[in-house]
Structures are given as structure tokens and as C-alpha cells.
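Architecture and fold: a report
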Amino acid sequence: MSNIHSVILDEDKCMGCTNCIAHCPTEAIRVRHGKASIIEGRCIDCGECIRVCPHHAKRAQSDAISLLEDFDFTIAVPAPTLYGQFKDHYSIDQILTALKSLGFDDVFEAAEAADIVTNELKKSLQKKEEQIPWISSSCPAVIRLIQIRFPGLIDQIVRLESPMEIAARIIKNDIYPDKKNIGVFFISPCPAKITAVKNPLGSKSSSVDGVLAMNEIFIPLHAAAGRLEEVEALSKASSWGVSWARSEGESHSTEWSETVAVDGIDNVLKFFEELENGKIKHVDFIEAMACPGGCVGGALTVENPYISKARIIRKAGMLKEENRGGRLIPNTHAVLGMDAEIQPKQALKLDEDFKAALEKMAMIEDIADSLPGLDCGSCGAPTCRALAEDIVTGTAKKNDCIFVLRDEINHLTENLAELGSWMPPLLSDEENNK
Ligand code: SF4
Ligand code: SF4
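Analysis parameters
Residues numbered from 1 in each chain as written. Chains lettered and ligands numbered in written order. Predicted model: local features only at pLDDT ≥ 70, side-chain atom pairs only at ≥ 80, totals over all residues. Heavy atoms only, no water. Near = heavy atom within 4 Å. Nonpolar A, V, L, I, M, F, W, Y, C, P; charged D, E, K, R; others polar. 1 Å grid on protein atoms, 1.4 Å probe; cavity = no way out; pocket = protein on both sides within 12 Å on 5 of 7 lines; lining within 4 Å. Points joined across faces, edges and corners; volume = space filled by probe spheres on them. Helix = DSSP H or I, 4+ residues; strand = E, 2+ residues; numbered from the N terminus. Domains from an automatic or database assignment. Contact = heavy atoms within 4.5 Å. Buried area = accessible area lost by both parts, 1.4 Å probe. Salt bridge = Lys/Arg side-chain N within 4 Å of Asp/Glu carboxyl O. Polar contact = N/O pair within 3.5 Å; in protein donor to acceptor, adjacent residues only side chain to side chain. Axes fitted to C-alpha atoms, helices over the stretch in contact; angles between N-to-C directions. Parallel < 35°, antiparallel > 145°, perpendicular 65-115°, else oblique. Left-handed = near helix turned anticlockwise from the far one by under 90°. Buried < 20%, exposed > 50% of the residue type's maximum accessible area, 1.4 Å probe, protein only.

Structural notes on the site of ligand 2
Taken together, 13 residues lie around ligand 2, and Cys 24, Cys 43, Cys 46, Gly 47 and Cys 49 are the ones closest in. Looking at the shell around ligand 2 residue by residue, the classes come out as nine nonpolar, two polar and two charged.

As C-alpha cells, then:
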């Protein structure tokens, strides 16, 4: 069950336009026979393809709110990004009360768990030279990107669970330890967090029981917020915890001086390439977020990320810093660290046998050299080299390349013309009748 993904394709809607293949950071998409398909072992659930598909053929598979009925007691854990989806006059208390009114017994902010993670980050990140710079573990798409494309950076990932997971553990261990059949539901801004629950990273299993997509819950939630007669005082997180919704929120909260925040999957890719090549120096902590602007740019949000980011800054600015570190820290029984190794993932497995794999690698190089090198995507693969890989793994043919096909047709036409010149001339009807 290592390749469970939340990003799926609706084949009926796919027009085969190839828009998505160029944007996938792990070259996980192919378009063949007029339809896209996702190579499961390569997908990191970043949601880029959801964002760029003009036909809405890609979507994230989340849980339905009816899943609440399977539990006797339910808690909603909203990502702080949710607050940025609402205009400024909706307070965090109002949003949380409205969320609770949708059928939950309680709410617990992921931002409060972010406060706890911040505290742990500051305590536990000893500045061991060989592990600096540390890389934040909060974006699961970035961790999966590291597994596939930058396995040499795995040891630098902070071994702390994400605020989502820590929130669920605290709810079950500290707040409601005696409740039976309790269901914790995360309100997610991105598909990567959905996948992190179904297919956890750094832990053997998730304490989250269901994930609701922010864009699917927004309309009923907005309506509920407008209907409220009373607003409960439910907001507990500090301004720092809420700021995790946007880029720079987490890195600033550590109060380390040499931090850097990188957002957007292409920027993260380029930054990690430079980090691997030793070009990045004098940085202690890297906050890397796959989405533009951080979680506010998640593929399952409804508001423009810049608007949402500005709202988060204003709403966080109205909160106190007192809760910093989380009100529950002194007493928590929850395990905050990861309890499983993060393993590298091989995106392209050519052969079990090492020698055969090397031979296939050489074939890929030869075929790639013989292709035009235009990376035009017309063959349905993102690059000429990716097509060469597909040919060697048996999922494509060389003449899927339109330039190779054109040359083959030209060659065939020339051969036919030459063959034609060898034919005896046709006789006229008169000569035929003689
Ligand atoms: S962007 Fe990708 S998934 Fe969307 S229609 Fe085009 S080929 Fe299909
Ligand atoms: S979610 Fe990201 S990694 Fe997965 S197929 Fe889409 S673009 Fe590629």
C-alpha cells in the first residue's frame, strides 16, 4: 500500500491537451491515446496538475462529511489557511463556531499544534554541523519530493510530526483520552495532506480519521457562519501558529536568525538542486512549501493566495503571542516526533538485476541522444529523455515522437516514389486492347 494517492484523473473530462505534463515536478504524467495518466510511484500529490488543468480533469479524493456518522464523538481540526478564506470581518472564533455547527462535537486548531511544534523545533534542533541546514517537515509534498528527487537530503528533514498529526495525537491522548470511537477530521487546503493521512510519512499510522477538502466544505461553512446567533470563544492559537498558513510563518516563528522560506514547487526544486550542489551556505533552517505563498496557495483553497495571505497577516496580527508554545505543552502525553524512517523512493526502476539495469540505462542515453531534444511534449512525455525511458520500459514507441514519425513518413514516401520509378509504364486503353 505504498502508493496511495489522493490526486486522481477524471478520464471523461481529460481532453489530452498535455498542459499538465510540463508542470509536474516529478515527471509523473503521460498523455497517451488522448488521455492523461499518472505514474503512481512518482506522484507526490503536490496538486500542480489540479491547478493547471483547464478542463478540471484532475481532482483530489477526500472524505465526505457523511463519514462523521461513523463516529460517536467528532473533532474538526482546521488548517489555519481556512481563516484566510473568509473576509476580515469574520473572526477566527466565528469561523470555528460555524465549523463546529456543521456537526462536530468540538474543534481543535492545527495552528495550536503549530505552536507546539514551534516550541519543540526551538528546543530540539541542536545545531549539529552535519545536519544543518534543517529542512521543515511540515509540507508532505516536499518530503515526497525529497524522497524521489533528493534522497541525499533525507537526513536533514526535521524529525517532528506535522501540526495536523500532532493535533490529532493531542486530542486523543490529552484532551479526550476517555472518549470511545472518537473521529478526528482535518480540514485540508491540499491533496498532499490527504495523502499523508492515508499513506503516512514518518509514522506507521495516522491519528487522523478523515480529511475534508477545504473547497468542498467552504459553501456550507460560509452559510453557517452567516447564520450564527452566538459565537463561542474557541480560538486558542497564537499569532505565530496562525502564521504557519503562509510562507515565512514557520521560519519566523523559530526565531533563528539564518532561516530561509522557499515556496512554490519549481522554486523548491531549484533551491534543493543548489543545496545539493553546495551552493547554499549560511542557512540553518529551510521552510520549503510546495504551494505558492505556502498553504494559502493550496490546490483545495477557494481564495486567491495573495488575498488569503494578506488576511492571515491581519488576522494573526489581532491575536496575542501569549499562547506561544501551546497551552497543552507542559502536560502533553502525545508523541511529537516521527516514529518511522523516511525512505528514499526510486522513481524509475529499470531492472532488479544491476547489470541489466545498467544496460537499460545506456539504451536510454542512446535513444535520448537520437531524439530531437526539443522537449515539446507532443509525444505525451514531458521531455525527450522521459520518452526514451518510456521506450526502454516498454510503455511508448519511438515514433510517438512526431519528428521521428515525420521522418519515417518522409522516408516511406521516398521509398514508395523510388519503387514507383521501377514499375513499367502503364499502357493506354488502346494498347491494352490490342
Ligand atoms: S491538463 Fe492534463 S488532465 Fe487536464 S485535460 Fe489536459 S491532459 Fe487532461
Ligand atoms: S499531484 Fe503533483 S506530482 Fe502528482 S501528478 Fe499532479 S503534478 Fe505530478
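Having seen the model, we can carry on.
What about empty space enclosed by the protein?
Scanning the entire structure with this criterion turns up seven cavities of 30 Å³ or more. Surrounding the largest cavity, 13 residues form its lining, Pro 80, Pro 163, Lys 193, Trp 244 and Cys 295 being those nearest its centre. Roughly 130 Å³ of internal volume is contained in the second largest cavity. For the lining of the second largest cavity, the secondary-structure elements that each account for two or more residues are α5 (140-149), α6 (163-175) and α7 (191-198). Its residues placed into classes, the lining of the second largest cavity shows seven nonpolar, three polar and three charged.

Examining the domain arrangement of the protein
For the protein, the assigned domains are domain 1 (7-60), domain 2 (65-331) and domain 3 (354-422). Taking only C-alpha atoms into account, the centre of domain 1 sits 23 Å from that of domain 3. Facing eight residues of domain 1, the contacting portion of domain 3 comprises 13 residues. Here domain 1 packs against domain 3, burying approximately 720 Å² in sum over the two surfaces, 40% of which is carbon and sulfur. The interface formed by domain 1 and domain 3 includes three salt bridges. Note that Glu 389 is salt-bridged to Arg 42, the shortest N-O span being 3.1 Å. One can count six residue pairs in polar contact (both at pLDDT 80 or more) joining domain 1 with domain 3.

Overview of the packing of α5 against helix α11 (residues 265-276)
Packing of α5 against α11 leaves a shortest axis separation of 12 Å and a crossing angle of 45°. When the interaxial angle is binned, α5 and α11 end up oblique. Here α5 runs over α11; the crossing is right-handed. Where α5 abuts α11, its residues Val 142, Leu 145, Ile 146 and Arg 149 lie against Ile 265, Val 268, Leu 269, Phe 272 and Glu 273. Here the contact of α5 with α11 is built from residues that sort into seven nonpolar, no polar and two charged.

Some details on the pattern of salt bridges
Side chains bearing opposite charge may pair, as long as their charged atoms lie close to each other. Under the defined criterion, the tally for this structure stands at 18 salt bridges. Of the charged contacts in the structure, one is a salt bridge between Asp 351 and Lys 360, with a shortest N-O distance of 3.0 Å. Residue Lys 397 pairs with Asp 400 through a salt bridge whose shortest N-O separation is 3.4 Å. Owing to a relative accessible area of 49%, Lys 397 belongs among the partly exposed residues under this scheme. Sharing partners across several salt bridges, the network here consists of Arg 42, Glu 365, Arg 385 and Glu 389.

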